[in-house]
Amino acid sequence: MQIEVLYGPIQASDADGIVLSLFEGAPLEGAVKAVDEALGGAVAGLIASGDFGGKAQQIAVLYPRGAIPARRVILVGLGAAETFDADAVRQAAAVAAKKARELQVSRLASVLHGTGKLPAEQAAQATVEGSELGLYSYHGQKTAPPPPALPQSLELMASDEAEMAAAAEGAARGQVVATAVALTRDLVNLPPNICTPAYLAQVAVEMAQQSGLRVEVLERKQMEALKMGALLAVAQGSDTPPRFIVLEHNADRAADLKTVVLVGKGVTFDTGGYDLKTREGMANMKVDMAGAAAVIGAMQAVAALDLPLHVVGLAPAADNMIGSRAYRPQEVITASNGTTIEVVSTDAEGRLLLADALVYAARFQPAAVVDIATLTGACMTALGVGVAAGLFSNDDALRDALLAASARTAERLWPLPLFPEYEKMIESDTADVVNSSREKFPGVGASATFLKRFVSYPWAHIDMAGMAVGEKEHPYIARGKASGFGVRLLIEFVRGWQ
Ligand code: BES
Ligand code: ZN
Ligand code: ZN
């Protein structure tokens, strides 16, 4: 969708549809009041009838029939003014954009929702993000051509030149962010026979070439040279070879800039291995690379925004399969830092990929490393599905920075503990550590405690197992499809990390 920021009264716009918004129970003001007057009190009438009250996600359409140049007025609710934030803008913009598409609107114009309560830059960014994310659709491998992408354009109406400049900046950032989320969603939505480790690597290489990122893709031989025995043990059961993707922004300035490393779990399909998952458990395991996809998406945006840090994205990618070469329970494998791991469950494969990636991260002498992974069902048990991702960290400042980014993006994180008791649960009789807790509870704490064994720097771990796929109806996350969770969070985190 083409996006333009203009200034002038929206009631003068001759777009196919104009979007106005209203807080719940608020008096008519500004553009809404002007349109109401031009339409002879039609908005007031709508409210008086009880058909529209400005509730969040509420929508109504009015037809001006020549009273103003626009063909339609789309009214959207912002909810209560007291609880208003940038996410209310994203949601309202998404609902309005989807309504416009349903009405076959080609040229859409919109107010900047909530300016006055939010700086114009933030309002514009959130309006663009909500519109683009709400309109996202996945066409997959259908042979029929996709329907035309509507609306074709969105004009954001600022009230004066100063607001226009700020809004233009926010809108441009919103577009970068939405493009990154769409890339991630596409990767996660793809079937596992297409989205293999090699495919992920190819997409990363193409994206890097277009974005000016440095990219390196390690193949099995190079991983062997690095002694990545944990990652390789997972990969050895599949004919589909593994890849280890390294993306780097500002690689040439690494000595002068602070380094942040993002690491994403890239299991392109998780059968569980010999600890085979059930039919239900395996049903959607193509999304087990959502962490890697989030890192690839975030890196695209980090480059496009040219953020003033040395940022490295690592995506270890492999399939977890069964077969004559597949790793088995009771095997002892050796990670790239020499740590020996007794395999208790072949289904606890993600942490094995992450172990070698976290060891690799140390070479960049990072100020912070954040890993993101669809790691445990236990995290879903603890926090719910589609509610929040779990956050673990060995560093308070890093945890706070991630929580701040979480609040700004409405990609919810909830801090979980790294209690010392968990360390006992991953002790092995015969190796340095087991890959899965010997005790039933808490599986999520044990998984993070396992990862901690491989870090030597400020680190945070995000368990997004319950967040990869849209769970319930949501204005800008389609149910049953990839959410793109983590992309906006990681971008905002890097933007705010000093
Ligand atoms: N990929 C799964 C975790 C998962 C579950 C992601 C559901 C998304 C939705 C992970 O590799 C796994 O199988 N974890 C096991 C760990 C256990 C064997 C210690 C789990 O959570 O059951
Ligand atoms: Zn697994
Ligand atoms: Zn997995």
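For the structure, check the block above.
Given the structure is predicted, the values throughout are model-derived calculations rather than measurements.

Undergrad: Please provide a residue-by-residue account of the overall build of the protein, values included.
TA: The helix and strand tally for the protein stands at 16 helices and 18 strands. Over its C-alpha trace the protein gives a radius of gyration of 24 Å, about what one expects of a compact globule, namely 23 Å for 498 residues. Principal-axis analysis of the C-alpha atoms places the extent of the protein at approximately 80 × 50 × 45 Å. Buried residues in the protein amount to 56% of all 498 residues. Contacts spanning at least 24 positions in sequence make up 77% of the contacts within the protein whose residues lie at least 6 apart. Considering the protein, the positive charge centre built from 42 side chains and the negative charge centre built from 55 side chains are found 4 Å apart.

Undergrad: Break down the sheet that holds strand E3 (residues 59–62) for me, with residues and values.
TA: If you walk across this open sheet you meet the 6 strands as E1-E6-E5-E2-E4-E3, and the pairing is mixed. Edge strands, defined here as strands with exactly one partner in the open sheet, are strand E1 (2–7) and E3. Averaged over all pairs of adjacent strands, the angle between their axes in this sheet comes to 25 degrees, without regard to strand direction. Bridging between E1 and strand E6 (residues 153–158) involves 6 bridges; their strand directions are parallel. Within E6, the residue paired with Leu6 across the bridge is Met157. Helix H4 (residues 120–135) contacts E1, strand E5 (107–111) and E6 of the sheet and is inclined by roughly 160 degrees relative to E6.

Undergrad: How would you sum up the packing of helix H3 (residues 86–102) against H4? Please name residues and give values.
TA: Packing of H3 against H4 leaves a shortest axis separation of 7 Å and a crossing angle of 45 degrees. Accordingly, the angle class assigned to the pair H3 and H4 is oblique. Where H3 crosses over H4, the two elements pack in a sense that is right-handed. Taking contact as the criterion, the partners of Ala86, Val89, Arg90, Ala93, Ala94, Ala97, Lys98 and Arg101 in H3 are, on H4, Ala123, Ala126, Thr127, Glu129, Gly130, Ser131, Gly134 and Leu135.

Undergrad: With reference to specific residues and values, describe the coordination of the zinc ion (ligand 3).
TA: Bound to the zinc ion (ligand 3) are the protein donor atoms Lys265 (NZ), Asp270 (OD), Asp288 (OD) and Glu349 (OE), situated 2.0 to 2.4 Å from the metal. Coordination geometry of the zinc ion (ligand 3): the 6 donor atoms subtend angles of 78 to 173 degrees at the metal centre, consistent with an arrangement described as octahedral. Each donor residue of the zinc ion (ligand 3) belongs to the same chain, with the gaps between them written as K-x4-D-x17-D-x60-E. The two metals, the zinc ion (ligand 3) and the zinc ion (ligand 2), are separated by 3.2 Å and share Asp270 as a common coordinating residue.

Undergrad: Residues and numbers for the site of ligand 1, please.
TA: What surrounds ligand 1 is a group of 16 residues, the closest being Lys277, Asp288, Asp347, Glu349 and Gly377. Within the side chain of Lys277, one N or O atom sits 2.8 Å away from an oxygen atom of ligand 1. A distance of 2.9 Å is found between an oxygen atom of ligand 1 and a side-chain nitrogen or oxygen belonging to Glu349. For the shell around ligand 1, the per-class residue count stands at 4 nonpolar, 5 polar and 7 charged.

Undergrad: Describe the sheet that holds strand E12 (residues 332–334), with residues and values.
TA: Hydrogen bonding along the main chain pairs the strands of a sheet, whether they run parallel or antiparallel. On the basis of which strands lie adjacent, the open sheet formed by 3 strands has the order E12-E13-E17 and mixed pairing. Two strands lie at the open edges of the sheet, namely E12 and strand E17 (433–434), each paired on one side alone. Relative to E17, strand E13 (residues 340–342) runs parallel, the two sharing 2 bridges. Within E17, the position partnered with Ile341 by the bridge is Val433.

Undergrad: Could you give me a rundown of the side chain of Arg185, with the residues and numbers involved?
TA: Position of Arg185 relative to the elements: it lies in helix H5 (residues 161–189). Put simply, Arg185 is tucked away with no salt bridge, and the nearest opposite charge, on Glu411, sits 7.3 Å away. Engagement of the side chain of Arg185 in a polar contact is seen with the backbone oxygen of Tyr476, the distance being 2.8 Å. When near neighbours in sequence (up to four residues on either side) are disregarded, Arg185 contacts Leu133, Tyr136, Tyr476, Ile477, Ala482, Ser483 and Gly484.

Undergrad: Just give me the short version of the nonpolar core, but keep the residues and values in it.
TA: Membership of the largest hydrophobic core comes to 67 residues, with the highest contact counts inside it found for Leu262, Ile462 and Phe493. Sorting elements by how many residues they give to this core places helix H10 (residues 290–304) first, with 11 residues. Ile462 has contacts with Val370, Asp371, Ile372, Ala373, Ala389, Gly390, Leu391, Leu402, Leu413, Phe485 and Leu489, leaving out every residue within four places of it along the chain. Counting residues in hydrophobic clusters, the runner-up holds 53 residues, among them Ala233, Val312, Ala373 and Leu418.

Undergrad: Outline the pairing of strand E18 (residues 459–463), supporting the account with residue identities and numerical values.
TA: Along E18, 5 of the 5 residues are buried, which leaves the element largely enclosed by surrounding structure. Residues Trp459, His461 and Asp463 point to one face of E18 and Ala460 and Ile462 to the other, with burial holding for every one of them. As paired strands, strand E14 (residues 368–373) and E18 are joined by 5 bridges and run parallel to one another. What sits directly across from Val370, in E18, is Ala460. Sheet analysis places strand E15 (residues 389–393) next to E18, joined by 4 bridges and oriented antiparallel. For Phe392, the partnering residue across the bridge sits in E18 and is His461.

Undergrad: So, helix H16 (residues 487–496): which residues are in play, and what are the values?
TA: Burial of H16 is extensive: 8 of the 10 residues sit out of reach of the surface. What H16 keeps buried is the set Val487, Arg488, Leu489, Leu490, Ile491, Glu492, Phe493 and Val494.

Undergrad: Explain the packing of aromatic side chains residue by residue, including any values.
TA: The full count for this structure, using the stated rule, is 6 aromatic pairs. Plain terms: the ring middles of Phe419 and Tyr422 are 5.8 Å apart, the flat faces sit at 65 degrees to each other, and that makes the pair edge-to-face. Using a relative accessible area of 45% as the deciding quantity, one classes Phe419 as partly exposed. Site record: aromatic cluster; members linked through ring pairs are Phe244, Tyr360 and Phe364. Between the NZ or CZ atom of Lys117 and the centre of the ring of Phe23, over which it lies, the distance is 5.4 Å.

What counts, and where the lines are drawn
All residue numbers refer to position in the chain's written sequence, counted from 1. Working convention: letters from A go to chains and numbers from 1 go to ligands, in the order in which they are written. For a predicted model such as this one, the threshold for reporting local features is a pLDDT of at least 70, and the threshold for listing and counting side-chain atom pairs is 80 or more; totals across whole chains, interfaces and linings nevertheless cover every residue. Water and hydrogen atoms play no part in the side-chain values, which are based on all heavy atoms of the structure. Comment: elements are numbered from the N terminus, with helices defined as DSSP H or I runs of at least four residues and strands as E runs of at least two. We compute the radius of gyration from the C-alpha atoms alone; for a globule the expected value is 2.2 Å times N to the 0.38, where N is the number of residues. Residue exposure (1.4 Å probe, protein chains only): buried if accessible area is under 20% of the type maximum, exposed if over 50%, otherwise partly exposed. In this description, contact between two residues means that some pair of their heavy atoms is separated by no more than 4.5 Å. We count Lys and Arg on the positive side and Asp and Glu on the negative side, and we leave His and both chain ends out. Charge coordinates come from a single atom per side chain, which is NZ of Lys, CZ of Arg, CG of Asp or CD of Glu. For two strands to be treated as a pair, DSSP must find no fewer than two bridges joining them. Each axis is a line fitted through C-alpha atoms, taken for helices only over the stretch in contact, and angles between the N-to-C directions span 0 to 180 degrees. Here the angle decides the label: under 35 degrees means roughly parallel, over 145 means roughly antiparallel, 65 to 115 means roughly perpendicular, and every other value means oblique. When the near helix sits turned anticlockwise from the far one by under a right angle, the crossing is termed left-handed; a clockwise turn instead gives a right-handed crossing. Any N, O or S atom lying within 2.8 Å of the metal counts as a donor, and for Na, K and Ca the limit rises to 3.2 Å; water is left out, so some sites can look incomplete. Angle rules define the geometry names used: all angles between 85 and 135 degrees makes four donors tetrahedral, while opposite donors over 155 degrees apart and all other angles between 65 and 115 make four donors square planar and six octahedral, leaving every other case irregular. Proximity is defined per residue: any heavy atom of the residue falling within 4 Å of a molecule or strand makes that residue near it. Pairs of N or O atoms within 3.5 Å make up the polar contacts considered here, provided that, within protein, one atom can donate a hydrogen while the other can accept it, and that residues adjacent in sequence are counted only when both atoms are side-chain atoms. Ten residue types, Ala, Val, Leu, Ile, Met, Phe, Trp, Tyr, Cys and Pro, are classed as nonpolar, four, Asp, Glu, Lys and Arg, as charged, and the remainder, Gly among them, as polar. The term salt bridge refers to a pairing of a side-chain nitrogen on Lys or Arg with a carboxyl oxygen on Asp or Glu at a separation within 4 Å. Among the buried residues, those of types Ala, Val, Leu, Ile, Met, Phe, Trp, Tyr and Cys that are joined through side-chain atoms within 4.5 Å form a nonpolar core. A pair of Phe, Tyr and Trp rings is counted when the ring centres sit within 6.5 Å of each other, with Trp represented by its six-membered ring. The angle between the planes then sorts it: under 30 degrees is stacked, over 60 is edge-to-face, the rest tilted. Here, a charge over a ring means that NZ of Lys or CZ of Arg falls within 6 Å of the ring centre while also lying within 35 degrees of the ring normal.

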